[in-house]
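Structural overview for review
Given next are the chains, with one letter for each unit.
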There are 2 protein chains.
Amino acid sequence: MAEGNSKGGCYVGVDLGATKIRVGVFHPNLRLLGAAKLTTKPQRGVEGVLERVTRCVRYAVDEADLSFQEVCALGIGAPGTVDADSGTVRFAPNLDWHDVPLKRQLEEQLKTPVFVENDCSAAMLGILAAELNPKPRHALGLFVGTGIGGGVIIDGELHRGYTNTAGEVGHMVLDLNGPKCACGRKGCLEALASRTAMFKRIRSAVKDGRKTVLHEWLGEDLDSMRCGDLKKAIKRGDKLVQSVVDEAAQFIGLAVSNLVNILNPQVVVLGGGVMESLADIMMGTIVKTARERAMPGALRGVDVVATSLGGHCTTTGGAALSRRMVRPA
Amino acid sequence: MAEGNSKGGCYVGVDLGATKIRVGVFHPNLRLLGAAKLTTKPQRGVEGVLERVTRCVRYAVDEADLSFQEVCALGIGAPGTVDADSGTVRFAPNLDWHDVPLKRQLEEQLKTPVFVENDCSAAMLGILAAELNPKPRHALGLFVGTGIGGGVIIDGELHRGYTNTAGEVGHMVLDLNGPKCACGRKGCLEALASRTAMFKRIRSAVKDGRKTVLHEWLGEDLDSMRCGDLKKAIKRGDKLVQSVVDEAAQFIGLAVSNLVNILNPQVVVLGGGVMESLADIMMGTIVKTARERAMPGALRGVDVVATSLGGHCTTTGGAALSRRMVRPA
C-alpha cells in the first residue's frame, strides 16, 4: 500500500445506491487500495444519508491505511437525474431526493473537492478509464441490478443529453405486452431482465407449483433470495432457475442488439450486481442473442464483454472523475 | 432565380433510393432552386443507375435555369452502409450494391466534387442545416417510408458509429411476438409502422372480410395503394385505415420514447414519405404516445416535430454536406 500512501495522494469513489453505499479508495493509477460498505437507510432523509456517506468514506480511507489528508478529491455516483455541472441530484425517486446540492453539502462536511455524476454514467467512466485499452471512441455500458441503467460514450466523452437524462436503457420497451414495469409502462427491459424481474418470475412459477432447489436453503417464501442463490441453484441443475436466467439473458442480448443498431459502438460492457454474480452463466446467451439479432455489420469487430471491475465500476468512475478534475498533489 | 444564378454558384443534393432518384439544386443558403425525379431501375446495375443519376442531375440543374458549370459540388445520400471518408457504398441490399466507389465514379462522370453519406444521415444533416434554429446540440431524426431509418446528431455532429452503421432505428424490436421483419427478426419498428407494414395490415384485414373505401378507387386487389390514398380514405371516415394508421403512429411514438430515454436529444424530427403524406394525421398520436411513455424529465423542453422539408430532406442534406466541403465560388 506504500504506493498509495506517500506519493500523489489518493482518490475516493462513492457509489450511492438506494440500498447500499459503497466506497473505494484508489491510487492515482485507479488501483483499488481499500473499500467499505454501509446500508443507505434513505428513510433517514438527506442529512442521515450524508452522515452515512461520510462515515463510509472514512472507513474506506482507514481500510486503505491512509489518512483523510491524503485524499485529493472525491467523486460520487448517485441514482437518478444529476446535474453534473452544479453537483446537484435533481431527482432520485429511490432515495426520494429532489434538488439535493450533494456537491456543496459533501464538500462542507469533508473539506475536499467533490464531483457528482449519475451512477451508471460514473460506472461507464470507470470502465473507460480503468478497463478499456485502447480507449474506444464509442462505447456503451449496461448495468443490470435491482434496476437496469446505461452509460453512453460518444467520441470519448460521456453523452449526458439535453437535460442530463441520457442512458435510460432500462426503460426501452421490448415486449409491448410484457410484464408491468415500476415506471408504469409494460415490457421495459428492466421489467424483463433485472434482478427484481427474475426474482418475481421465480416466485410466480413457484406459486404455480413449479419446483426449485432454492427452497432447500431459503425456505418456503424465498424471502432472502439473492443472485448468488440463483447461481448455486443452476449449478445444482435447477431447471426453473436456469430457464428464468436464460430468458433474462436473451432479453439483455436483444436490448444490446437494439442499442448497437442505433449507436454502433466499438465495445459493449455489461456490469451491475446481476452480472457480478451471474456473468459466467449469462454472457454466452447475451452475446449469442446480440449477434443473431443485430443488423449485418453493426456488430462487426465489436466486443460484448462483462466488466472486470465487479462491484466497483461506479466507485472507480467516481475516482476517475475526481482525478480528471483535481491533479495528484 | 437570379439569386442562385450569378453569384456563388449552387449545390446539388441527390437522394438515391431503391425505387426513385430525387435531385435538388440549391442556392448556397439552401433554398431549393430546381428539382427532378427519375426511377432508379437498380436491375440495370451500377453503371445503369449512375447514368440515371447523372441524367437526373442535369435535368434538375436545367430546371433551376442554371448551367452545370455553376455547380460548386454535389452531395449524395445512398441507402445502406456508407463509408463517408472514401465515398464508398459498402453494402446496399435494396440496390444489390457491394463496395461501389460512388464518389470516384460520379466525380469522373460529372467533373465536380462529390460527397457521399448514408441517406438518413444526409436527411438529418439537411434538417439540421436548413430547418433547425437555433442549432440543437443533440438531435434525432426518424424517417418513415418503405423502411424506417434514423439519423443521430450528438454535439452538433453526425454520429456515424464505429463501422458507419449507427442510426438503424427501424430495427429496434418493440414487440417480441410482432410481425416478421424483412431483416429476419420479429416485431421491429419497421415491421410495425413502415408504409410496407401498414399496406400489409390493410390487405390482410381486407382478406379477413373488413371493408374499406380504398376499393372504390383502387379496385379489389389494392395493388396501386399509396400513402395519399390512406389520407383520402381517413378523410372519408374509413375506420379500417384510420385504425391501421393510428396503430403505426403509436408504434412510432413508442420508438421515439425509447430513443429519447437513451439519447435525451433536444429535438426529434420525423420525416420520410409516410410523414410527407400523413404527418397531419399521425403527429398528434406520435407526440402523445412519446410523452406518455418517455421517462420523467427525458422529454422536458424537447420538441417532437415533422420536418418542413417534405421529400427534400436528403437532397437538402446532400447540398449541405457538399457546401460544408466546398465553399461557394
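Summary of the structure given here. The structure displayed is predicted, hence computed values, not measured ones. (Residues numbered from 1 in each chain as written. Chains lettered and ligands numbered in written order. Predicted model: local features only at pLDDT ≥ 70, side-chain atom pairs only at ≥ 80, totals over all residues. Heavy atoms only, no water.)

So, on to the relation of the copies chain A and chain B. Once turned by 180° and shifted 0.0 Å along the axis, chain A lies on chain B with an RMSD of 0.0 Å. Expressed as an axis order, the relation between the two copies is that of a two-fold axis. (Least-squares fit on C-alpha atoms with pLDDT ≥ 70 in both.)

Time to look at the pattern of salt bridges. As enumerated under the stated definition, the model contains 24 salt bridges over all chains in all. Notably, a salt bridge pairs Arg160(A) with Glu117(A), separated by 2.5 Å at the nearest N-O pair. Residue Arg160(A) is located in the loop between strand S11 (157-158) and helix H5 (189-193), and its partner Glu117(A) is located in strand S8 (residues 114-118); the two are separated by 43 residues in the primary sequence. Across the pair Glu51(B) and Arg55(B) runs a salt bridge, and its minimum N-O distance is 3.1 Å. (Salt bridge = Lys/Arg side-chain N within 4 Å of Asp/Glu carboxyl O. Helix = DSSP H or I, 4+ residues; strand = E, 2+ residues; numbered from the N terminus.)

As a further point, take the state of the cysteines. Enumeration according to the criterion identifies zero disulfides over all chains in this entry. Of the cysteine sulfurs around Cys188(A), a residue in no disulfide, the closest is that of Cys183(A), at 3.7 Å. Lacking any disulfide linkage, Cys56(B) is separated from the closest cysteine sulfur, that of Cys10(B), by 14 Å. (Disulfide = S-S within 2.5 Å.)

Here we take up the interface of chain A and chain B. Taken residue by residue, the interface counts 41 residues in chain A and 41 residues in chain B. Summed over both partners, the interface of chain A with chain B comes to about 3400 Å²; 59% of that surface belongs to carbon and sulfur atoms. Of all residues in chain A, Tyr162(A), Arg185(A) and Ile262(A) give up the largest surface area on contact with chain B, accounting jointly for 20% of the area buried on that side. For the pair chain A and chain B, the interface holds zero salt bridges. (Contact = heavy atoms within 4.5 Å. Buried area = accessible area lost by both parts, 1.4 Å probe.)

This paragraph deals with the pairing of strand S7 (residues 97-100) of chain A. All names here are of chain A. Here strand S6 (residues 88-92) pairs with S7 via three bridges, running antiparallel. Within S7, the position partnered with Ala92 by the bridge is Trp97. From the end of S6 to the start of S7, which pair antiparallel, there are four residues, and Asp96 there has a positive phi angle of about 60°. (Pairing = 2+ DSSP bridges.)

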